[in-house]
Structure formats: structure tokens, C-alpha cells
Amino acid sequence: MHILYIYDLNASNKKKFNRTKRLFYYHLNRLPLKKEVWKTKSAFAVPPKMEKMVDLFFKRFGRAVTVYKATAETIEELG
């Protein structure tokens, strides 16, 4: 089982958006997400043991990031 996080960055103007984006991806890249973690531009899946760490990561950004969390048994690529 994996926990799927889908997120979107929000801002009222371009300057705030760029600042949020820069901080978000800087801190995201510092998380200990292994190569086996499934990740795309606006979503990633982590094992349950990493749930608390990722939840705290998203709480850091408050309303600047809209995030949804779901559980998934399997994730497969089509194509």
C-alpha cells in the first residue's frame, strides 16, 4: 500500500508564486525520498512509514499549497 499525494501551488500574484515554487521544490528535494518512490510533476506516492514526514512537509506551506492524500494498493504505468 502507498499513500498518494496530489498537490498544486497557489499564489495571488506571479512574485508570490515564484517564491512559493522555489521554496517548495527546494524543500521537496531535501526530503529523503528514495528513487523507488513514484513521483511526477504534481504527485508522488510514499510508503506508509513516510506519511508523518510528508504531512509535516505540506503543513509547512499552509494555504500556499493545495494537497490531497489518498491510499493506493498499486500504481501502474499504462502505455
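In case you missed it, the structure is sitting above this.
Just so we're clear, the structure is a prediction, and the values are computed from it rather than from any experiment.

Each value, and the rule that gives it
Residues numbered from 1 in each chain as written. Predicted model: local features only at pLDDT ≥ 70, side-chain atom pairs only at ≥ 80, totals over all residues. Heavy atoms only, no water. Helix = DSSP H or I, 4+ residues; strand = E, 2+ residues; numbered from the N terminus. Contact = heavy atoms within 4.5 Å. Phe/Tyr/Trp six-rings, centres within 6.5 Å; stacked < 30°, edge-to-face > 60°. Buried < 20%, exposed > 50% of the residue type's maximum accessible area, 1.4 Å probe, protein only. Arc of directions from axis to C-beta. Salt bridge = Lys/Arg side-chain N within 4 Å of Asp/Glu carboxyl O. Core = buried A, V, L, I, M, F, W, Y, C linked by side-chain atoms within 4.5 Å.

Draft legend 1. The arrangement of the overall build of the chain in detail. When its secondary structure is counted, the chain shows two helices and three strands. Beginning at the N terminus, the succession of helices and strands in the chain can be written as β-α-β-α-β. In terms of principal-axis extent, the alpha carbons of the chain reach across some 40 × 30 × 20 Å. Sequence-distant contacts, at least 24 apart, represent 71% of the contacts inside the chain between residues at least 6 apart.

Draft legend 2. Just the packing of aromatic side chains, in detail. Applying the stated criterion across every chain yields a total of twelve aromatic pairs. Chaining the aromatic ring pairs together yields one cluster made of Tyr5, Tyr7, Phe24, Tyr25, Phe44, Phe57, Phe58 and Phe61.

Draft legend 3. Fine view of helix H2 (residues 51-59). Taken together, the buried positions of H2 are Val54, Phe57 and Phe58. Relative to the axis of H2, the buried residues are bounded by an arc of 95 degrees and lie together on one face. Among the exposed residues of H2, those oriented more than 90 degrees off its buried face are Lys52, Leu56 and Lys59. Where the residues of H2 are buried, they touch strand S1 (2-9), helix H1 (14-30), strand S2 (43-46) and strand S3 (65-72).

Draft legend 4. Looking closely at the pattern of salt bridges. Using the criterion set out here, one finds two salt bridges in the structure. Here lysine 69 makes a salt bridge to glutamate 51, at a shortest N to O gap of 2.8 Å. Residue lysine 69 is located in strand S3, and its partner glutamate 51 is located in helix H2; the two are separated by 18 residues in the primary sequence. With its nearest N and O atoms 3.0 Å apart, the salt bridge here joins aspartate 55 to lysine 69.

Draft legend 5. Geometry of the nonpolar core. Of all hydrophobic cores here, the largest spans 17 residues; its most connected members are Phe24, Leu28, Phe44, Val46 and Phe58. Secondary structure elements with two or more residues in this core: S1, H1, S2 and H2. Of all the elements, S1 adds the most residues to this core, at four residues. Apart from the residues lying within four places of it in its own chain, the contact partners of valine 46 are His2, Ile3, Tyr5, Leu33, Val37 and Val54.

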